Amino acid sequence: MTFSILINIFVFVFFSKQKEDNIRCLTTLGHFGFDCLPQQLVNKSVQQGFFFNILCVGETGIGKSTLIDTLFNTNLKDKKSSHFYPNVRLKIQTYELQESNIQLNLTVVKTVGYGDQINKEGSYQPIVDYIDAQFESYLQEELKIKRSFVDYHDSRIHVCLYFISPTGHSLKSLDLLTMKNIDSKVNIIPLIAKADTISKNDLQKFKCKIMSELISNGIQIYQFPTDDEATTDVNTSMNGHLPFAVVGSTDEVKVGKRMVRGRQYPWGVLQVENENHCNFVKLRDVLLCTNMEDLKEQTHTWHYERYRCSKLQKMGFTDVGPDNQPVSFQEIYEAKRQDFLDQCQREEEQLKQKFMQRVKEKERAFKEAEKELQDKFEHLKRVQQEETMKLEEERRQLEEEIIDFYKMKAASGTLQTQECTNIRKDKDRKK
Ligand SMILES: Nc1nc2c(ncn2[C@@H]2O[C@H](COP(=O)(O)OP(=O)(O)OP(=O)(O)O)[C@@H](O)[C@H]2O)c(=O)[nH]1
Ligand SMILES: [Mg+2]
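None of the values given here were measured: they were computed from a predicted structure. (Residues numbered from 1 in each chain as written. Chains lettered and ligands numbered in written order. Predicted model: local features only at pLDDT ≥ 70, side-chain atom pairs only at ≥ 80, totals over all residues. Heavy atoms only, no water.)

K.L.:
It is not clear to me how the overall build of the protein chain should be interpreted in this structure. Could you clarify?
P.N.:
Across its full length, the protein chain carries 10 helices and nine strands. Split into buried and exposed, the 431 residues of the protein chain put 32% on the buried side. In the form shown here, the protein chain has an accessible surface area of approximately 29900 Å², with 55% of it arising from carbon and sulfur atoms. Across the protein chain, the centroid of the 61 positively charged side chains sits 7 Å from that of the 63 negatively charged ones. (Helix = DSSP H or I, 4+ residues; strand = E, 2+ residues; numbered from the N terminus. Buried < 20%, exposed > 50% of the residue type's maximum accessible area, 1.4 Å probe, protein only. Areas by Shrake-Rupley, 256 points an atom, 1.4 Å probe, with all protein chains shown as cover. Lys, Arg positive; Asp, Glu negative; His and termini not counted. Charge placed at Lys NZ, Arg CZ, Asp CG, Glu CD.)

See the structure below:
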């Protein structure tokens with residue numbers, strides 16, 4: 001029994017008693033009690049506005065932009081992408097939408113160039129990186145000393161609309177690979193895109209095939225919660241309709257006397273908002289009317305929590321010590337700090353030893369080089385001395401030869417003079 005009911009009973013008993021005693025009764029002026037608490041939350045949320053972040057993953061031209069336009073009944077003026085990008089990228093757009101007095105800050109992240117490459121192995125990586133980057137930014141904000149969650153733009157992805165090609169056969173390996181890599185990070189709602197291109201019978205078979213492939217590959221998609229009595233029936237039925245077969249169009253087509261949003265074909269009109277034609281209305285209901293808050297909650301309590309936990313564990317934080325006793329953040333921080341200081345000291349020692357060793361090695365190398373130079377110098381000196389001695393010897397020999405030569409010259413001069421004298425004497429005698 002709530003407090004307000006108790007008060008009402010008390011007021012009723014009090015006034016009945018007064019009436020019996022014929023005393024003047026006072027009636028309450030306004031409503032009181034804490035059953036009006038939710039109204040405060042509503043007013044606050046309306047004032048703040050609502051935030052919703054959608055990730056659209058699907059091949060180029062599969063109908064992502066058209067579906068988002070159809071969902072929000074607006075033209076978000078998104079340009080078509082090229083099929084020739086060398087790798088997958090993400091396009092992030094934010095919009096401020098207004099309906100009555102409710103403001104919705106919508107972020108739409110779409111893949112660009114998805115499925116266009118020959119090698120599609122790494123196509124999921126930019127998507128994973130983007131989701132993680134948003135978690136990381138939220139974690140950094142949480143770890144700040146001065147946190148400002150009031151102004152903080154929470155860009156964590158609340159839902160991933162995965163657009164499946166309406167092949168009618170099975171999921172592509174790219175679909176399985178991507179969903180496998182993101183299913184623990186985001187709420188995936190699989191959609192069969194352009195469902196008007198596939199017959200009703202084939203569509204049912206295709207849905208069953210997709211679900212069985214998802215289960216056999218262990219891919220976890222978003223399950224509409226069935227634990228709340230108010231939404232159990234709706235959500236159980238919604239879970240049975242997954243993957244939703246959707247058709248997008250913002251064109252108005254005339255059906256009878258009414259104008260409806262749909263796609264006109266020579267053989268008839270496909271009405272986007274007709275539940276017999278496709279599951280668009282179901283998707284819109286779960287996204288905007290019944291499950292937006294649950295999607296946000298799941299993002300925070302499951303996906304972000306998983307990221308935060310693994311990140312903190314990687315950084316060495318834990319809730320219990322080796323002896324299974326709870327440890328405080330302070331203790332872990334102190335232990336980490338000590339570890340870090342020890343590590344620094346060890347590294348400093350190692351560096352010092354390395355430096356000394358290098359110095360010794362260099363010294364040894366210099367000494368060896370010096371000795372080599374000295375030996376070379378000595379050798380050259382010896383060679384030079386030998387050369388000098390050799391030259392000295394040659395000079396001495398030459399000088400001797402010159403002396404001998406002059407001696408011989410002088411002797412031959414004397415001989416010549418004697419010869420001339422003798423010849424003259426002979427001539428004189430003959431005369
Ligand atoms: N038959 C059919 N055609 C659709 C549907 N939704 C979109 N289209 C058409 O498909 C073409 C591409 O649609 P977009 O919404 O631009 O596709 P997209 O995935 O945003 O394309 P990119 O941003 O270029 O990757 C357009 O000509 C749309 O009219 C649908 O449900 N059924
Ligand atoms: Mg587009």
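K.L.:
Could you clarify how one ought to interpret helix H9 (residues 292-314) in this entry?
P.N.:
Since one α-helical turn is 3.6 residues long, residues separated by three or four positions face the same way. Between its terminal C-alpha atoms H9 stretches 32 Å, which fits the 33 Å expected from 23 residues at 1.5 Å a residue. A maximum bend of about 35 degrees is found in H9 at Glu305. Those residues of H9 not exposed but buried are Met292, Asp294, Leu295, Lys296, Thr299, His303, Tyr304, Tyr307 and Leu312. Lining the buried residues of H9 we find strand S1 (50-57), strand S3 (102-112), helix H4 (125-143), strand S4 (159-164) and helix H8 (280-290). The first or second residue beyond H9 is Gly316, which carries a positive phi of 100 degrees. (Expected span 1.5 Å × (residues − 1). Bend = angle between axes of the 7 residues up to and from the residue. Contact = heavy atoms within 4.5 Å.)

K.L.:
Honestly, the pairing of strand S5 (residues 188-192) in this entry has me stumped. Any pointers?
P.N.:
Two faces make up the sheet, and in a regular strand the side chains alternate between them. Counting buried positions along S5 yields five of five residues, so the element is predominantly enclosed. Each parallel crossover has a hand, and the one from S4 via helix H5 (residues 173-182) to S5 is right-handed. The pairing of S5 with strand S6 (residues 244-245) spans two bridges and is parallel. Its bridge partner being in S6, Leu191 is matched across the sheet by Phe244. (Right-handed = clockwise from strand over helix to strand, strands pointing away. Pairing = 2+ DSSP bridges.)

K.L.:
Honestly, the sheet that holds S6 in this entry has me stumped. Any pointers?
P.N.:
The pairing of strands in a sheet happens through backbone hydrogen bonds and is either parallel or antiparallel. In space, the six strands of this open sheet follow the order S2-S3-S1-S4-S5-S6, with mixed pairing throughout. Edge strands, defined here as strands with exactly one partner in the open sheet, are strand S2 (89-99) and S6. Sheet topology places S4 next to S5; five bridges connect them, and they run parallel. Bridging from a neighbouring strand, Cys160 pairs with Ile188 of S5. The strands touched by helix H6 (residues 200-216) within the sheet are S4, S5 and S6, with S5 carrying the most contacts at an inclination of about 150 degrees. (Axes fitted to C-alpha atoms, helices over the stretch in contact; angles between N-to-C directions.)

K.L.:
For this particular structure, what's the right way to read the UniProt feature "coiled-coil region" (unreviewed entry) in the protein chain?
P.N.:
In the numbering used here, UniProt assigns the feature "coiled-coil region" (unreviewed entry) to residues 330-408. The straight-line gap between the two end C-alpha atoms of residues 330-408 is 115 Å; of that span, 100% is helix and 0% is strand. (UniProt positions renumbered as here; feature names shortened; annotations may be inferred.)

K.L.:
Honestly, the site of ligand 1 in this entry has me stumped. Any pointers?
P.N.:
With respect to spatial proximity, 16 residues lie near ligand 1, and among them Lys64, Ser65, Thr66, Ser81 and Asp196 are the closest. Within the backbone of Gly61, an N or O atom sits 3.0 Å from an oxygen atom of ligand 1. The side chain of Asp196 places a nitrogen or oxygen atom 2.9 Å from a nitrogen atom of ligand 1. In isolation ligand 1 exposes 650 Å². Once the protein is present, 82% of that is buried. Taken together, the elements giving at least two residues each to the shell around ligand 1 come down to helix H3 (64-72) and strand S8 (258-265). Tallying contributions element by element places H3 first for the shell around ligand 1, with three residues. Here the residues of the shell around ligand 1 are counted per class, giving three nonpolar, seven polar and six charged. (Near = heavy atom within 4 Å. Polar contact = N/O pair within 3.5 Å; in protein donor to acceptor, adjacent residues only side chain to side chain. Nonpolar A, V, L, I, M, F, W, Y, C, P; charged D, E, K, R; others polar.)

K.L.:
Please explain the environment of Ile68 as it appears in this structure.
P.N.:
Considering the arrangement of structural elements, one finds Ile68 in helix H3. Taking relative accessible area as the criterion, Ile68 reaches 0% and is therefore assigned buried. In the structure, Ile68 is positioned 180 residues away from Gly248 in sequence and 8.1 Å away in space, judged by C-alpha atoms. When sequence neighbours within four positions are dropped, the list of residues in contact with Ile68 reads Ile54, Cys56, Leu76, Val108, Lys110 and Leu161.

K.L.:
Which parts of the structure should I look at to understand the environment of Thr290?
P.N.:
Mapped onto the elements, Thr290 comes out in helix H8. Of note is the side chain of Thr290, whose polar atom sits 2.8 Å from the side chain of Asn291.

K.L.:
Is there a simple way to explain the pattern of salt bridges in this structure?
P.N.:
Pairing is possible between side chains of opposite charge, provided their charged atoms come close. Under the defined criterion, the tally for this structure stands at 21 salt bridges. Measuring nitrogen to oxygen at the nearest pair gives 2.7 Å for the salt bridge that ties Arg156 to Asp154. Glu275 is the salt-bridge partner of Lys282, the closest N and O atoms lying 2.7 Å from each other. What emerges from the salt-bridge pattern is a single network uniting Asp78, Lys91 and Lys110. (Salt bridge = Lys/Arg side-chain N within 4 Å of Asp/Glu carboxyl O.)

K.L.:
For this particular structure, what's the right way to read the packing of H4 against H5?
P.N.:
The angle between the axes and the distance between the axes are what describe a pair of packed helices. At a minimum axis separation of 10 Å, H4 and H5 run at an interaxial angle of 20 degrees. Considering their axes alone, H4 and H5 lie roughly parallel with respect to each other. With respect to the hand of their crossing, H4 and H5 are arranged in right-handed fashion. Taken together, the residues of H5 that come into contact with H4 (itself represented by Ile127, Val128 and Ile131) are Thr178, Asn181 and Ile182. Partitioned by chemical class, the residues of the contact of H4 with H5 number four nonpolar, two polar and no charged. (Parallel < 35°, antiparallel > 145°, perpendicular 65-115°, else oblique. Left-handed = near helix turned anticlockwise from the far one by under 90°.)

K.L.:
Even after reading the chapter, I still don't get the pairing of S2, so can you show me in this structure?
P.N.:
In this structure, S2 lies alongside S3, joined through 11 bridges in antiparallel fashion. By the bridge assignment, Gln98 is partnered in S3 with Gln103. Taking the residues that link successive antiparallel strands as the turn, the S2-S3 hairpin has two residues, and the phi of Ser100 there is positive, at about 50 degrees.

K.L.:
Can you walk me through H6 in this structure?
P.N.:
Here H6 contains 17 residues, and its C-alpha end-to-end distance of 24 Å stays within 8% of the 24 Å for a straight helix at 1.5 Å per residue. Of the residues making up H6, those classed as buried are Leu203, Phe206, Lys207, Ile210, Met211, Glu213 and Leu214. Buried positions in H6, seen along its axis, are confined to an arc of 160 degrees and lie on one side of it. In this structure, H6 carries Asn201, Lys205, Ile215 and Ser216 as exposed residues pointing more than 90 degrees from its buried face. Of the surrounding elements, those touching the buried residues of H6 are S4, H5, S5, helix H7 (232-241) and S6. (Arc of directions from axis to C-beta.)

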